[in-house]
Amino acid sequence: MLEKAYLEITNICNMACDFCHGTCRTPREMTLAEFEALTDRLVGRVEYLYFHLMGEPLLHPLLPRFIDRAREKGFRPMLTTNGSLLGEVGELLLQSPPHRISISLHAPAANQAFASPSYLADCISYARRAAGNGTIVVLRLWNLGGAGERENDDILEALHAAFPHEWVKNRAGYRLSERLYLEWDREFVWPDKDSPQVPEKTSIFCYGLRNHVGILVDGTVVPCCMDADGVLALGNLFETPLDEILASPRARAIKEGFDCRRAVEPLCRTCGFVKKF
């Protein structure tokens, strides 16, 4: 059993942030019938269901329904969002709450054209109410070492004003209040098939296919949440059960390579996210 699956309910985003890889795939939203079919094939195979890989999940009009159906099927629904739509759909998410939501506060710093003056206030308001409603909320600043880091002072000032008591430090950042966290991390480089590769013998480890898998909006299964364009397509979950896909020669070679601290696929040798491990 895998710990989590990244189920891409849409590959459409309302931003074009400079730190994000983006995707060249055809823009698409998952239908309810497709969601039902794919999640039926994941029941008993994964515990945490993340509603993204690329794309902004809050754009999907069926998101509350998807969350409810995921819970009914025994999953723990998880969201990662740029937060720009929380002012519009936050109330709906309070009625159909995910198990956890991560809000990337560094996104508007990378794309000012989409940053509403009320953006941060909307994120804080939702975070406070969602955490009080039982959802785990993580406010992300994954921009250390990047150009967006210079925007952090204003964000931190607003957070200190909203949560003026002493913050409790933890491994990833701080606990601001019950079920509400601030998480730091460095900006990373997305894998890209046209980017320079590290040498084949470089020691590389990844949790892809070990504890998680990605499913693109068209049902294509990929090893991890970093394969923005489906370069490492392993099969299609609409057509083939997950166990058969994971037992395919390519999937086994990728996993066994990482077991030996080796990236057998060229795309993996361009990934900056693996440096976290």
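Residues numbered from 1 in each chain as written. Predicted model: local features only at pLDDT ≥ 70, side-chain atom pairs only at ≥ 80, totals over all residues. Heavy atoms only, no water.

K.L.:
Looking at this structure, how should I read the overall build of the chain?
P.N.:
A tally of regular secondary structure across the chain gives 8 helices and 11 strands. Taken over the C-alpha trace, the chain has a radius of gyration of 19 Å; the compact-globule value for 277 residues is 19 Å, and the two agree within 12%. Overall, the C-alpha framework of the chain stretches about 55 × 40 × 35 Å when taken along its three principal axes. Burial analysis of the chain (277 residues in total) assigns 52% to the buried set. When contacts within the chain are restricted to residue pairs at least 6 apart in sequence, those whose partners lie at least 24 apart make up 69%. If you sum the accessible surface of the chain, you get close to 12800 Å²; carbon and sulfur atoms cover 51% of it. Distance between charge centres in the chain, computed from 31 positive and 36 negative side chains, equals 6 Å. (Helix = DSSP H or I, 4+ residues; strand = E, 2+ residues; numbered from the N terminus. Rg over C-alpha atoms; globule rule 2.2 N^0.38 Å. Buried < 20%, exposed > 50% of the residue type's maximum accessible area, 1.4 Å probe, protein only. Contact = heavy atoms within 4.5 Å. Areas by Shrake-Rupley, 256 points an atom, 1.4 Å probe, with all protein chains shown as cover. Lys, Arg positive; Asp, Glu negative; His and termini not counted. Charge placed at Lys NZ, Arg CZ, Asp CG, Glu CD.)

K.L.:
Before we go on, may I ask you to explain the packing of helix α3 (residues 86-95) against helix α5 (residues 119-132) in this structure?
P.N.:
The axes of two packed helices give the description: the angle between them and the distance between them. In the contact formed by α3 and α5, the axes pass within 10 Å of each other and the chain directions differ by 5 degrees. With respect to each other, α3 and α5 are oriented roughly parallel. Contacts between α3 and α5 pair L86, G87, G90, E91, L93 and L94 from the former with D122, C123, Y126, R129 and A130 from the latter. When the residues that make up the contact of α3 with α5 are grouped by side-chain class, the tally is 6 nonpolar, 2 polar and 3 charged. (Axes fitted to C-alpha atoms, helices over the stretch in contact; angles between N-to-C directions. Parallel < 35°, antiparallel > 145°, perpendicular 65-115°, else oblique. Nonpolar A, V, L, I, M, F, W, Y, C, P; charged D, E, K, R; others polar.)

K.L.:
Help me understand a negative patch on the surface in this model?
P.N.:
Taken together, the side chains of E149, D153, D154 and E157 present a region of like negative charge at the surface. Its location among the elements puts D153 in helix α6 (residues 152-162). Using a relative accessible area of 57% as the deciding quantity, one classes D153 as exposed. (Patch = residues over 30% accessible without salt bridge, like charges linked within 9 Å, V, L, I, M, F, W, Y side chains within 5 Å. Salt bridge = Lys/Arg side-chain N within 4 Å of Asp/Glu carboxyl O.)

K.L.:
Explanation requested: helix α2 (residues 63-72) in the structure shown.
P.N.:
Helical periodicity: at 3.6 residues per turn, an α-helix aligns residues three or four positions apart in one direction. Within the span of α2, buried status applies to L63, P64, F66, I67, R69 and A70. Check the buried side of α2 and you find it contacts α1 (32-42), β2 (46-50), β3 (76-81) and α3.

K.L.:
Where do I start with the pairing of strand β8 (residues 180-186) in this structure?
P.N.:
In the case of a regular strand, side chains alternate between the two sheet surfaces. Pairing of strand β5 (residues 136-144) with β8, which is carried by 6 bridges, proceeds in the parallel orientation. Opposite V137, over in β8, you have L180 as the bridge partner. Pairing analysis gives 4 bridges linking strand β7 (residues 173-177) to β8, with the strands arranged antiparallel. Bridge assignment links R175 to a residue of β8, and that residue is Y181. Turn length for the β7-β8 hairpin, with the two strands adjacent in sequence and antiparallel, is 2 residues, and the turn residue R179 shows positive phi of about 65 degrees. (Pairing = 2+ DSSP bridges.)

K.L.:
Sorry, what's going on with the environment of C24 here?
P.N.:
Here C24 is to be found in the loop between β1 (2-7) and α1. Sequence spacing of C24 and F238 is 214 residues, and the spatial spacing of their C-alpha atoms is 22 Å.

K.L.:
Please clarify how the sheet that holds β1 should be interpreted in this entry.
P.N.:
Strand pairing in a sheet relies on backbone hydrogen bonds. The paired strands run either parallel or antiparallel. Overall, mixed pairing links the 11 strands, which are arranged β6-β7-β8-β5-β4-β3-β2-β1-β9-β10-β11 in an open sheet. Edge positions in the sheet fall to β6 (168-169) and β11 (235-236), since each has one partner strand and no second. Each of β5 and β8 touches α6; the most contacted strand, β5, lies at about 155 degrees to it.

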